[in-house]
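Single-letter residue listing:
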Amino acid sequence: MIASHQIETRLREAAEGLLRDKKVGLFLGYEKASLPFRTAPLFLTEAEKAKRLVWSPFCTANLAVYLPRLFKAPADAREAKTMPPPPAVGVVLKGCDARSVITLIQERQVPREKLVLVGVACPGMVDARKAERALGDQEALGAGEDAQGNVRAVVEDGTEVTLRREQVLADVCLECRSPTPSIHDILLGAPAEARETDAARRRTADLGSETADRRWARLQQALSKCIRCNACRQACPMCYCKDCLLDQTRPRWVGAGTDISDVTMYHLVRAFHMAGRCTECGACARACPMGIDARLLVRKLNLEVEDLFGYRPGAALDGVPLLSAFAMDDPQEFLTEP
Amino acid sequence: MSQTQTVQESASPGAWEPKVVAFLCNWCSYAGADLAGVSRIQYPPNVRIIRVPCSGRINPAFLLRALQNGADAVLVSGCHPGDCHYISGNLAARRKFALLKDLLQYAGIESERVQFTWVSASEGGRFAAIVEKVVEQVRKLGPNRKLVKSL
């Protein structure tokens, strides 16, 4: 494993070079945040400031979420004339973020030629909430990692606590099967082979084996915490629609309140819009202020997509989005026959 | 509304009758349902038909809204693969519906409440048989209480 600080140095050099040589006008990365176990997104436009960039096991955010809005099409002809052309953008990508970028390119939301992709072979990211839970009632003041990739936190009384890596890795990272970006212009770190894990399958299996009523009850219980803040939608790099179905009022497809029926509708609609598109970055689950596992439905849907169609969103750039295509021999065992 | 009342009145007063909302494509299934009527084929009156241009026109939100508004089941029917008036609308729909059915089943909505099929314009008998089957299944399940919004 290549230490994070080595990657960090190379990342800073790469960003500095790209900005200095005017290969990109904007570089998206991470910087130190004010809270332990977290980083903040950084929008760099000046080469001199590249040393603000950081790379650590806390670089969880999926930066692909900012790309569609950077390359937004002009609203009308006048705007098209006056709007300056978007700059080329450099962006730091982990395996999951690269899948998001691939899907965005396939869906023609971002132009490949305007992107400089700095891929980092991802060792897995820390779930800040898991780390905080692991510390119990002690509050962390600072955090870092040791040579083995375990997380070290300094707590209130000044002592140092080591949290085992497996204990604090995010769920998506435990389920991740391709941690190394499959698309990149620059690759940092030692690329890891795609690995097989059935973690996602195991997580969906326990709910899948229940009766319909029990499944429904479990779902209702999980979603009853939802306050309809739409954070999961906003955080998702795949949710870029200008006019979201959930915001429409004529007709209003999904009621606005926290009535459990409306909440369930919201989550069903959101999940279904991810069908064949979710790149499993976990941004939705991280964004949820209520701690709902926002991937509950999508996780299963992605497995169905793979089982039925052999499709993995964002796996390869040459490919048509699942629901934009069809085949005469698509499975149709689900049909009702007399 | 008047249709709803007729159905309820035809059963013993107050007894629950399944309500099935059927989305039929204009070119095949709607004509198939029409043929069933013209041919005087008997089928349960529990189905409310909504005509759509093509099964590919159906937004899954239509089905979810129907369930939320008190339908006990939804039935979607389009042209057989290869017969679509718009060449491939039903094929694009087939992928969507396969996933939608799986998603709803996983969420805990019984799979009998969301049904998909193909009926051609000449299959009046098939349409009647499918409606009969769907209504029978839903009758066994009982009223839909999941997802229904009660104020």
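The structure this text deals with has already been given above.
Now for a look at the structure at hand.

Conventions adopted
- Residues numbered from 1 in each chain as written.
- Chains lettered and ligands numbered in written order.
- Predicted model: local features only at pLDDT ≥ 70, side-chain atom pairs only at ≥ 80, totals over all residues.
- Helix = DSSP H or I, 4+ residues; strand = E, 2+ residues; numbered from the N terminus.
- Contact = placed C-beta atoms within 7 Å.
- Rg over C-alpha atoms; globule rule 2.2 N^0.38 Å.
- Buried ≥ 20, exposed ≤ 12 C-beta atoms within 10 Å, placed from the backbone.
- Nonpolar A, V, L, I, M, F, W, Y, C, P; charged D, E, K, R; others polar.
- Expected span 1.5 Å × (residues − 1).
- Pairing = 2+ DSSP bridges.
- Axes fitted to C-alpha atoms, helices over the stretch in contact; angles between N-to-C directions.
- Core = buried A, V, L, I, M, F, W, Y, C linked by C-beta atoms within 7 Å.
- Domains from an automatic or database assignment.
- Parallel < 35°, antiparallel > 145°, perpendicular 65-115°, else oblique.
- Left-handed = near helix turned anticlockwise from the far one by under 90°.

### Some words on the overall build of chain B
Move 1: Tallying secondary structure elements over chain B gives five helices and four strands in all.
Move 2: N-terminal to C-terminal, the α/β element order of chain B is α-β-α-β-α-β-α-β-α.
Move 3: Over its C-alpha atoms, taken along the principal directions, chain B stretches across nearly 45 × 40 × 25 Å.
Move 4: Excluding contacts between residues fewer than 6 apart, the proportion of contacts in chain B whose partners are at least 24 apart in sequence is 81%.

### Concerning the overall build of chain A
Move 1: For chain A, the helix and strand inventory stands at 13 helices and eight strands.
Move 2: Taken over C-alpha atoms, the radius of gyration comes to 21 Å for chain A, in line with the 20 Å a tight globule of 338 residues would show.
Move 3: Considering only C-alpha atoms, chain A reaches an extent of 70 × 60 × 40 Å along its principal axes.
Move 4: Looking at chain A as a whole, 39% of its 338 residues are labelled buried.
Move 5: Contacts in chain A between residues far apart in sequence, at least 24 positions, make up 71% of those at least 6 positions apart.

### Looking at the interface of chain A and chain B
Move 1: Of the residues lining the interface, 37 residues belong to chain A; the matching set on chain B comes to 35 residues.
Move 2: Of all the elements, helix α11 (residues 260-273) of chain A adds the most residues to the side of chain A that touches chain B, at eight residues.
Move 3: Across the side of chain A that touches chain B, the residue classes break down as 23 nonpolar, six polar and eight charged.

### Quick notes on helix α4 (residues 95-106) of chain A
Residue and element names in this part refer to chain A.
Move 1: The terminal C-alpha atoms of α4 lie 17 Å apart, and with twelve residues this matches the ideal 16 Å at 1.5 Å per residue to within 8%.
Move 2: Burial of α4 is extensive: eleven of the twelve residues sit out of reach of the surface.
Move 3: All of the buried residues in α4 are Gly95, Cys96, Asp97, Ala98, Arg99, Ser100, Val101, Ile102, Thr103, Leu104 and Gln106.
Move 4: Tucked inside the fold, the buried residues of α4 contact α2 (67-70), β3 (89-93), β4 (115-120) and α7 (171-175).
Move 5: Where α4 ends, the next residue or the one after it, arginine 108, has phi of about 60 degrees, a positive value.

### Here we look at the sheet that holds strand β2 (residues 39-44) of chain A
By way of backbone hydrogen bonds, the strands of a sheet pair with one another, either parallel or antiparallel.
All names here are of chain A.
Move 1: Spatial ordering of the open sheet is given by β2-β1-β3-β4-β8, a layout of five strands whose pairing is mixed. Lying at the two open borders of the sheet, with one neighbouring strand each, are β2 and β8 (186-188). Each strand of the sheet is rotated relative to its neighbour by a mean of 25 degrees, with strand direction disregarded.
Move 2: Inspection of the sheet shows strand β1 (residues 26-32) paired to β3 by three bridges, in the parallel sense. Bridge pairing in β3 places leucine 28 opposite valine 91.

### With respect to the sheet that holds strand β6 (residues 151-155) of chain A
All names here are of chain A.
Move 1: Taken in spatial order, the three strands of this open sheet run β5-β6-β7, and their pairing is antiparallel. The open sheet is flanked by β5 (140-145) and β7 (160-163), the only strands paired with a single partner. The mean angle between the axes of side-by-side strands here comes to 25 degrees, regardless of whether they run parallel or antiparallel.
Move 2: Relative to β7, β6 is paired through four bridges, and the arrangement is antiparallel. Bridge pairing in β7 links alanine 153 to valine 161.

### Brief notes about the nonpolar core
Move 1: Counting 141 residues, the largest nonpolar core has Val91(A), Val126(A), Val20(B), Val74(B) and Leu103(B) as its most contacted members.
Move 2: Here this core takes eleven residues from helix α4 (residues 89-107) of chain B, the largest share from any one element.
Move 3: Both domains that furnish three or more residues to this core are identified here as domain 1 (4-123 + 171-188) and domain 2 (199-323) of chain A.
Move 4: Setting aside chain neighbours within four positions, we find Val91(A) in contact with Leu28(A), Leu63(A), Leu67(A), Leu115(A), Leu117(A) and Val118(A).

### Concerning helix α13 (residues 296-309) of chain A
All names here are of chain A.
Move 1: Between its first and last C-alpha, α13 extends 21 Å over 14 residues, near the 20 Å set by a 1.5 Å rise per residue.
Move 2: Looking at α13, one finds that the buried residues are Leu296, Leu297, Val298, Arg299, Lys300, Leu301, Asn302 and Val305.
Move 3: Phi for glycine 310, located one or two positions after α13, is positive at around 60 degrees.

### A look at the packing of α11(A) against helix α3 (residues 60-68) of chain B
Move 1: Remark: α11(A) packs on α3(B), axes separated minimally by 11 Å, with the N-to-C direction vectors making an angle of 160 degrees. Relative to α3(B), the element α11(A) lies roughly antiparallel. The two elements α11(A) and α3(B) cross, and the hand of that crossing is right-handed. Contacts from Ser261(A), Met265(A), Leu268(A), Val269(A) and Phe272(A) in α11(A) reach Pro60(B), Ala61(B), Leu64(B) and Gln68(B) in α3(B).

### Topic: unusual backbone geometry
Residues and elements named next belong to chain A.
Move 1: That bond from arginine 250 to proline 251 is cis: its omega, 0 degrees, falls within 30 degrees of zero.
Move 2: Looking at where proline 251 falls in the secondary structure, it is placed in the loop between α10 (231-235) and α11.
Move 3: Its identity as a non-glycine residue notwithstanding, lysine 22 has a phi of 60 degrees, on the positive side.
Move 4: Within the secondary structure, lysine 22 is located in the loop between α1 (4-20) and β1.
Move 5: Using a count of 10 C-beta atoms within 10 Å as the deciding quantity, one classes lysine 22 as exposed.
Move 6: The backbone of arginine 108 sits at a positive phi, close to 60 degrees, despite the residue not being glycine.
Move 7: Along the polypeptide, arginine 108 turns up in the loop between α4 and β4.
Move 8: In this structure arginine 108 comes out as exposed when scored by C-beta crowding, with 10 C-beta atoms within 10 Å.

### Focus: the packing of α11(A) against α13(A)
All names here are of chain A.
Move 1: Across the interface, α11 lies against α13 with an axial gap of 9 Å and an inter-helix angle of 35 degrees. Viewed along their axes, α11 and α13 form a crossing whose handedness is right-handed. Taken together, the residues of α13 that come into contact with α11 (itself represented by His267, Leu268 and Ala271) are Leu297, Val298 and Leu301.
Move 2: Partitioned by chemical class, the residues of the contact of α11 with α13 number five nonpolar, one polar and no charged.

### Points about the pairing of β5(A)
Residue and element names in this part refer to chain A.
Move 1: As defined by bridge partners, β5 adjoins β6 across five bridges and the pair is classed as antiparallel. Residue pairing in the sheet places alanine 140 in a bridge with valine 155 of β6.
Move 2: The loop that links β5 with its antiparallel partner β6 comprises five residues; one of these, glycine 149, has a positive phi angle of about 90 degrees.

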